[in-house]
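# Coordinate inspection notes
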Amino acid sequence: MTGHHAGPQSNADSGTNADAGANSSVDPSANSFEHALESLRAGEPILVHDAADREGETDLIYHADSVTPKAVTRLRNDAGGLVCVALGHDIAEAFDLPFYSDVIDHPATADHELGYDDRSSFSLTVNHRDTYTGITDDDRSTTIRALGDAAAAPEKTEFATEFRVPGHVHLLKAAPDLLAQREGHTELGVALAETADLSPAVVVCEMLDDETGEALSPADARAYADRHGFAYLEGREVLERME
């Protein structure tokens, strides 16, 4: 086991339901897919590994409504990647959120081959207007939870009134047909939220290894999940259940 993920628990390990670990209210004996759905409904994080032949990364995922400041602390300490909010395609369209590469007129956006997908799902970066710098755990929690509220009631949200661009929370725009069209963490997370009867807004953050600087291995990610009582899913499990 490598990295701080295998070491002492972070200071995010105690707190509210959104930050629950070994004291999870969700029954870990349930099958992994149902465990993941129950966890999202309960405001607890889940881990999802996409595929070895794709990014080969495990993301720590919360429903956006459940991201407290302590959850942001966990995301940056225990995951360490980029904290993003993935929105369903229709929600992003309702807020007129573009794909980043479609609106930036710069030569660097041309010939952008990812190697693992046809296109990036990145949209804009935002801060809620009630935040200060936008980067603190409190500020990012405020922005993320407001995005969750907005996704639940887009018809009641004036996006430009509530949020400013640029900011410190990266938005991801899911493919229109979700997993039938793209199998990234954006689509996996949004599909799981919708299956759990939650609004299509989730936080995704890649889990990294402190010693190697690479993506945390699936074995180490699963061990982290087991240690904290979190659900761990392989992308193929999600795809099979969504068929």
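### Overview of the nonpolar core
Counting 36 residues, the largest nonpolar core has Leu47, Val85, Ile144, Leu147 and Phe159 as the members making the most contacts within it. If you list the elements that add at least two residues to this core, you get strand E2 (58–63), helix H2 (69–79), strand E3 (84–87), helix H3 (89–94), helix H5 (137–152), strand E5 (163–173), strand E6 (201–206) and helix H8 (218–228). If you tally residues by element for this core, the top one is H5, at 5 residues. Not counting residues within four places of it along the chain, the set of residues in contact with valine 85 comprises Ile144, Leu147, Val169, His170, Leu171, Leu172, Val202 and Val203. Ala36, Leu40, Ala86 and Val204 belong to the second largest nonpolar core, which has 21 residues in total.

### As for the pairing of strand E1 (residues 46–49)
On E1, burial covers both faces: Ile46 and Val48 on one face and Leu47 and His49 on the other are all buried. Here E1 pairs with E2 via 4 bridges, running antiparallel. Within E2, the residue paired with isoleucine 46 across the bridge is isoleucine 61. Of the strand pairs in this sheet, E1 and strand E7 (residues 231–234) are connected by 4 bridges, and their pairing is parallel. Counted as the bridge partner of histidine 49 is glutamate 234 from E7.

### Digging into the side chain of histidine 185
For histidine 185, the location among the structural elements is in helix H7 (residues 185–195). Classification of histidine 185 as buried rests on a relative accessible area of 4%. From its side chain, histidine 185 meets the backbone oxygen of valine 48 in a polar contact 2.8 Å long. The contact partners of histidine 185, leaving out residues within four places of it in the chain, are Val48, His49, Asp50, Glu55, Glu57, Thr58, Asp59 and Val204.

### Thoughts on the state of the cysteines
Under the defined criterion, the tally for this structure stands at 0 disulfides. In this model cysteine 84 remains outside any disulfide bridge; the closest cysteine sulfur is found in cysteine 205, 7.4 Å from its own.

### Concerning the packing of H2 against H5
Where H2 meets H5, the axes come as close as 8 Å, and the angle between the chain directions of the two elements is 110 degrees. Of the possible angle classes, the one that applies to H2 and H5 is roughly perpendicular. Taking contact as the criterion, the partners of Pro69, Val72, Thr73 and Arg76 in H2 are, on H5, Asp137, Asp138, Arg140, Ser141 and Ile144. Among the residues forming the contact of H2 with H5, the class breakdown is 3 nonpolar, 2 polar and 4 charged.

### So, the packing of aromatic side chains
Scanning all chains against the criterion turns up 3 aromatic pairs. Residue placement shows lysine 173 over the ring face of phenylalanine 99; its charged tip is 4.9 Å from the ring centre.

### Some words on unusual backbone geometry
Here the amide bond leading from valine 165 into proline 166 is cis, since omega sits at 0 degrees, within 30 degrees of zero. Within the element layout of this structure, proline 166 appears in strand E5. Of note, the phi angle at aspartate 96 is positive, near 60 degrees, even though the residue is not glycine. Of note, aspartate 96 is situated in the loop between H3 and helix H4 (100–103).

Definitions and cut-offs
- Residues numbered from 1 in each chain as written.
- Predicted model: local features only at pLDDT ≥ 70, side-chain atom pairs only at ≥ 80, totals over all residues.
- Heavy atoms only, no water.
- Core = buried A, V, L, I, M, F, W, Y, C linked by side-chain atoms within 4.5 Å.
- Buried < 20%, exposed > 50% of the residue type's maximum accessible area, 1.4 Å probe, protein only.
- Helix = DSSP H or I, 4+ residues; strand = E, 2+ residues; numbered from the N terminus.
- Contact = heavy atoms within 4.5 Å.
- Pairing = 2+ DSSP bridges.
- Polar contact = N/O pair within 3.5 Å; in protein donor to acceptor, adjacent residues only side chain to side chain.
- Disulfide = S-S within 2.5 Å.
- Axes fitted to C-alpha atoms, helices over the stretch in contact; angles between N-to-C directions.
- Parallel < 35°, antiparallel > 145°, perpendicular 65-115°, else oblique.
- Nonpolar A, V, L, I, M, F, W, Y, C, P; charged D, E, K, R; others polar.
- Phe/Tyr/Trp six-rings, centres within 6.5 Å; stacked < 30°, edge-to-face > 60°.
- Lys NZ or Arg CZ within 6 Å of the ring centre and 35° of its normal.

Everything listed is a geometric property; what it means functionally is a separate question.
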